[in-house]
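Spelled out, the chains give:
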Amino acid sequence: MTDQPDWTTPIRAVHVRHGTQTACGGIAVVLADVEPHPAYAFTARFEGRPPGPADLRQECVDGFTDGIRTELVRLCGGQPPPVRVVLRRILVHDVDSSAAINRAAGRLAAAEVLRRAIDGRRAP
């Protein structure tokens, strides 16, 4: 085991569930992969179209995008790692979804990605 993250091997199935449905704060459920890439990048490659209105879906994706990038930059000493984050699934609910809860989910996903980049590629 090393304290330095290994960004040369894909990290699959980073699953985050944050919040509670029908609570005031909302809920976010996301599934993402992280792949080696020359520079930090983000893409959404959904398996089917997520439910919910398109504008809310984009708001949730934008929140997750901001959360994971911001936290990876913070955790990695001010520079994003050379990876591409591929968002595979995101929960979009008319009442319980928001950019804020998805931003928080992105921060949690970043912490999990770094943990797995240091400790190995296994899902918890």
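What counts, and at which threshold
- Residues numbered from 1 in each chain as written.
- Predicted model: local features only at pLDDT ≥ 70, side-chain atom pairs only at ≥ 80, totals over all residues.
- Heavy atoms only, no water.
- Helix = DSSP H or I, 4+ residues; strand = E, 2+ residues; numbered from the N terminus.
- Rg over C-alpha atoms; globule rule 2.2 N^0.38 Å.
- Areas by Shrake-Rupley, 256 points an atom, 1.4 Å probe, with all protein chains shown as cover.
- Lys, Arg positive; Asp, Glu negative; His and termini not counted.
- Charge placed at Lys NZ, Arg CZ, Asp CG, Glu CD.
- Phe/Tyr/Trp six-rings, centres within 6.5 Å; stacked < 30°, edge-to-face > 60°.
- Buried < 20%, exposed > 50% of the residue type's maximum accessible area, 1.4 Å probe, protein only.
- Expected span 1.5 Å × (residues − 1).
- Core = buried A, V, L, I, M, F, W, Y, C linked by side-chain atoms within 4.5 Å.
- Contact = heavy atoms within 4.5 Å.

Engineer: Whenever I open this one, the overall build of the protein confuses me. Can you help?
Structural biologist: Secondary structure summary: the protein contains 2 helices and 4 strands in total. Along the chain direction, N to C, the helices and strands of the protein fall in the order β-β-β-α-β-α. The C-alpha atoms of the protein give a radius of gyration of 14 Å, which matches the 14 Å a tight globule of 124 residues would have. The dimensions of the protein, computed from C-alpha atoms along their principal axes, are 45 × 25 × 25 Å. Accessible surface, the protein as shown: approximately 6500 Å² in total, 53% of it carbon and sulfur. Positive and negative side-chain charges in the protein, numbering 16 and 14 respectively, have mean positions lying 4 Å apart.

Engineer: Looking at this structure, how should I read the packing of aromatic side chains?
Structural biologist: Geometry of an aromatic ring pair is reported as the spacing of the ring centres plus the angle between the planes. Enumeration over the complete set of coordinates arrives at 1 aromatic pair. Plain terms: the ring middles of Phe42 and Phe64 are 6.2 Å apart, the flat faces sit at 55° to each other, and that makes the pair tilted. You can see Phe42 sitting in strand 3 (residues 41-44) and its partner Phe64 sitting in helix 1 (residues 54-75), a full 22 residues away along the chain. Since its relative accessible area comes to 0%, Phe64 is described here as buried.

Engineer: Where do I start with helix 2 (residues 99-119) in this structure?
Structural biologist: Residues three or four positions apart in an α-helix share a direction because the helix packs 3.6 residues into each turn. Taking 1.5 Å as the rise per residue, helix 2 with 21 residues should run 30 Å; its terminal C-alpha atoms sit 30 Å apart, in good agreement. Where helix 2 ends, the next residue or the one after it, Gly120, has phi of about 130°, a positive value.

Engineer: It is not clear to me how the nonpolar core should be interpreted in this structure. Could you clarify?
Structural biologist: Judged by nonpolar contacts, the single largest core of 27 residues is most densely connected at Phe64 and Ile68. If you list the elements that add at least two residues to this core, you get strand 1 (11-19), strand 2 (27-36), helix 1, strand 4 (83-90) and helix 2. In terms of residue count, the dominant contributor to this core is helix 2 (7 residues).

Engineer: How should I be thinking about the environment of Asp62 in this particular structure?
Structural biologist: In this structure, Asp62 sits in helix 1. Residue classification places Asp62 among the partly exposed residues on the basis of a relative accessible area of 42%. Between the alpha carbons of Asp62 and Asn102 there is a distance of 8.2 Å; along the sequence they are 40 residues apart.

Engineer: When you look at the side chain of Glu71 in this model, what are you seeing that I'm missing?
Structural biologist: Following the sequence through the fold, Glu71 ends up in helix 1. Given the relative accessible area of 12%, Glu71 is considered buried. Once you skip the residues sitting within four places of it in the chain, Glu71 turns out to touch Arg107 and Ala110.

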